[in-house]
Amino acid sequence: MIAINIEKKLKGYAGAGILKVEHQFNAGSITTIHGPSGAGKTTFLKILAGLTNTDKGTISVNNTTWLDTQQGINLLPQARRVGFVFQDYALFPNMTVMQHLEYATDDRKWIDRLLRLGKLETLTTHKSDQLSGGQQQRLAILRALAIKPQIILMDEPFAALDKTIKLEMINHLQAVFAELNATVLIVTHNPDELVGIADEDLYIAGI
Amino acid sequence: MDLSPIWLTLKLATITTALLLLVGLPLAWWLSKSRSVIKIIIEALITMPLVLPPSVLGFYLLLAFSPQQGVGKWLQNTFDIQLVFSFKGLVLASVIYSMPFMVGPIKSALQQLPQSLAQASYTLGKTQWQTFKSVLLPNIKPSLITALVLTFAHTLGEFGVVLMIGGNIPNVTRVASIAVYDSVERMDYASANNYSLVLFAITFVMVIGVFVFNKYQAKSPLE
């Protein structure tokens, strides 16, 4: 279970705001997160991954403290090992599809399975700039899954996928999430596309 | 034509560039990350050789390296190292003088990479060093090549600092730019022309090489 209680001042185009989230996510659950632009949805995911600091608060995962601003505890992202799908994909321009996955894991069988899941088996030697937007997004998802994370954070992970591939991808991903028993948080502008798949929806309004 | 000034110049430029690569890479990486007052001060100091007259920099280095006082005296007494009027002194002065040409392009290139690249690597469990080596460095290759060539070419053309620190000692500190000046002083325009032509040719070929390597995408040093 992930227990979060954080607060952070935000600087945005519309002036200063406050991101305040107090929530518990059950282990193995899938949660969609939505809210207005600038409310801090991406910042929330990055705080959880240890990529951004927060002003105050606590994060504990399965009774292990990842963050406690009062006690000065803040686990590095390397120690948290969450699977993170970035909104801009954050693919490495110098690496091919295969190199992306090999950079993340040595598990050859897992890599082959991920490539089949993302339908990228025939593109293993292509660099990221030789892929279409949808292929890049799938590679970003596969790379995040490559480390077999217990927590998966996805920032608009299906925005560039066409409807058919999106549905197929979501079906396959559900099976992988269940297999990994991963707790999944998905930021989306369209929570309806995951109705029936997500266990709950969290609305982040920002203050 | 006495070729020793040319060889000495190439030796100085090679050693300076190699040392600056070792020092400049981590320094540029550190500077490219979040800002702080101390970083601004250090960056300003690194940039000073770009705006300061070389003779002024050379004068201060001459004072600093002087065996009569301060650091120079300590080095002389403790390690028997004399930096003034020696090749070692030229190397140290060149490293300081050419540092902005190595650090500047690398720092700018690192800052232009999206933060999410390094962040993605961290979430995969990679250390800062692994991330720098495998993700950041390969993606700034054109800027790195530009920095290396600019540093090398700039060291080839040093004059004011070299003259102040090294003087004009044949085979020790008499580099090509000093040889040009010395030849003109002696009204030996033929020798001056030969040295100038060699310097021009080397730097021109190097700059052309960078443009070809970077497929015409190399950044102008003035950008």
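Residues numbered from 1 in each chain as written. Chains lettered and ligands numbered in written order. Predicted model: local features only at pLDDT ≥ 70, side-chain atom pairs only at ≥ 80, totals over all residues.

## Side note on the overall build of chain B
When helices and strands are counted, chain B shows 11 helices and 0 strands. Starting at the N terminus and walking to the C terminus, you meet the elements of chain B as α-α-α-α-α-α-α-α-α-α-α. Seen through its C-alpha atoms, chain B measures out along the principal axes to roughly 65 × 45 × 25 Å. Looking at chain B as a whole, 38% of its 223 residues are labelled buried. Contacts spanning at least 24 positions in sequence make up 73% of the contacts within chain B whose residues lie at least 6 apart. (Helix = DSSP H or I, 4+ residues; strand = E, 2+ residues; numbered from the N terminus. Buried ≥ 20, exposed ≤ 12 C-beta atoms within 10 Å, placed from the backbone. Contact = placed C-beta atoms within 7 Å.)

## Overview of the environment of Asn74 of chain A
Here Asn74 of chain A lies in strand β6 (residues 73-74). What makes Asn74 of chain A partly exposed here is the crowd of 15 C-beta atoms within 10 Å.

## Some details on the confidence of the model for chain B
Residue and element names in this part refer to chain B. For chain B, per-residue confidence averages 90 on the pLDDT scale, and 96% of positions sit at 70 or higher. Here helix α4 (residues 70-79) stands out as the least confident element of chain B, with mean pLDDT 86; helix α6 (residues 115-123) is the most confident, with 96. Both scores are given for the predicted complex: the pTM is 0.85, the ipTM 0.93. (pLDDT = per-residue confidence, 0-100.)

## Details of helix α3 (residues 97-104) of chain A
Residue and element names in this part refer to chain A. Among all positions of α3, only Val97, His100, Leu101 and Ala104 are buried. Projected down its long axis, α3 shows its buried positions confined to an angular sector of 90°, all on one face. At its buried positions, α3 is contacted by α4 (108-117) and α5 (133-146). (Arc of directions from axis to C-beta.)

## Examining the pairing of strand β9 (residues 183-187) of chain A
Residues and elements named next belong to chain A. Among the 5 residues that make up β9, 5 are buried, leaving the element largely enclosed by the rest of the structure. Taking every second residue as pointing to the same face, both faces of β9 are buried, with Thr183, Leu185 and Val187 on one and Val184 and Ile186 on the other. As defined by bridge partners, strand β3 (residues 30-34) adjoins β9 across 4 bridges and the pair is classed as parallel. Residue Thr32 lies in a different strand from β9, and its bridge partner there is Ile186. Of the pairings in the sheet, the one linking strand β8 (residues 151-155) to β9 comprises 5 bridges and is parallel in character. Bridge assignment links Leu153 to a residue of β9, and that residue is Leu185. (Pairing = 2+ DSSP bridges.)

## What about the sheet that holds strand β7 (residues 83-85) of chain A?
Residues and elements named next belong to chain A. One open sheet accounts for 5 strands, arranged β7-β8-β9-β3-β10; its pairing is parallel. Looking along the sheet, the strands with just one partner apiece sit at the ends: β7 and β10 (200-203). Pairwise comparison of adjacent strand axes, ignoring direction, gives a mean angle of 15° for this sheet. Bridge count between β7 and β8: 3 bridges; the pairing is parallel. (Axes fitted to C-alpha atoms, helices over the stretch in contact; angles between N-to-C directions.)

## So, the interface of chain A and chain B
Counting residues at the interface gives 16 residues for chain A and 15 residues for chain B. Secondary-structure elements contributing two or more residues to the side of chain A that touches chain B are α2 (77-80) and α3 of chain A. Taken together, the residues of the side of chain A that touches chain B sort by class into 12 nonpolar, 2 polar and 2 charged. (Nonpolar A, V, L, I, M, F, W, Y, C, P; charged D, E, K, R; others polar.)

## Looking at the pairing of strand β5 (residues 64-68) of chain A
Residue and element names in this part refer to chain A. Across 4 bridges, strand β4 (residues 56-61) lies against β5 in antiparallel orientation. By the bridge assignment for β5, Val61 is matched with Thr64. Between the end of β4 and the start of β5, which pair antiparallel, lie 2 residues, with Asn62 showing a positive phi angle near 50°. With 2 bridges connecting them, β5 and β6 associate as antiparallel partners. Bridge pairing links Asp68 to Ile73 in β6. In sequence, β5 turns back onto β6 through a hairpin of 4 residues, with Gly72 there showing a positive phi of about 75°.

## Some words on helix α1 (residues 41-49) of chain A
Residues and elements named next belong to chain A. Within α1, 8 of the 9 residues are buried, which leaves the element mostly enclosed by the surrounding structure. Along α1, the positions that sit buried rather than exposed are Lys41, Thr43, Phe44, Leu45, Lys46, Ile47, Leu48 and Ala49. Downstream of α1 by a residue or two, Gly50 has a phi angle that is positive, lying close to 85°.

## Notes on the environment of Leu61 of chain B
All names here are of chain B. Structurally, Leu61 can be placed in helix α3 (residues 54-65). Sequence separation between Leu61 and Ser94 is 33 residues, and the spatial gap between their C-alpha atoms is 11 Å. Not counting residues up to four positions away in its chain, the partners in contact with Leu61 are Ala93, Ile96, Val161, Met164 and Ile165.

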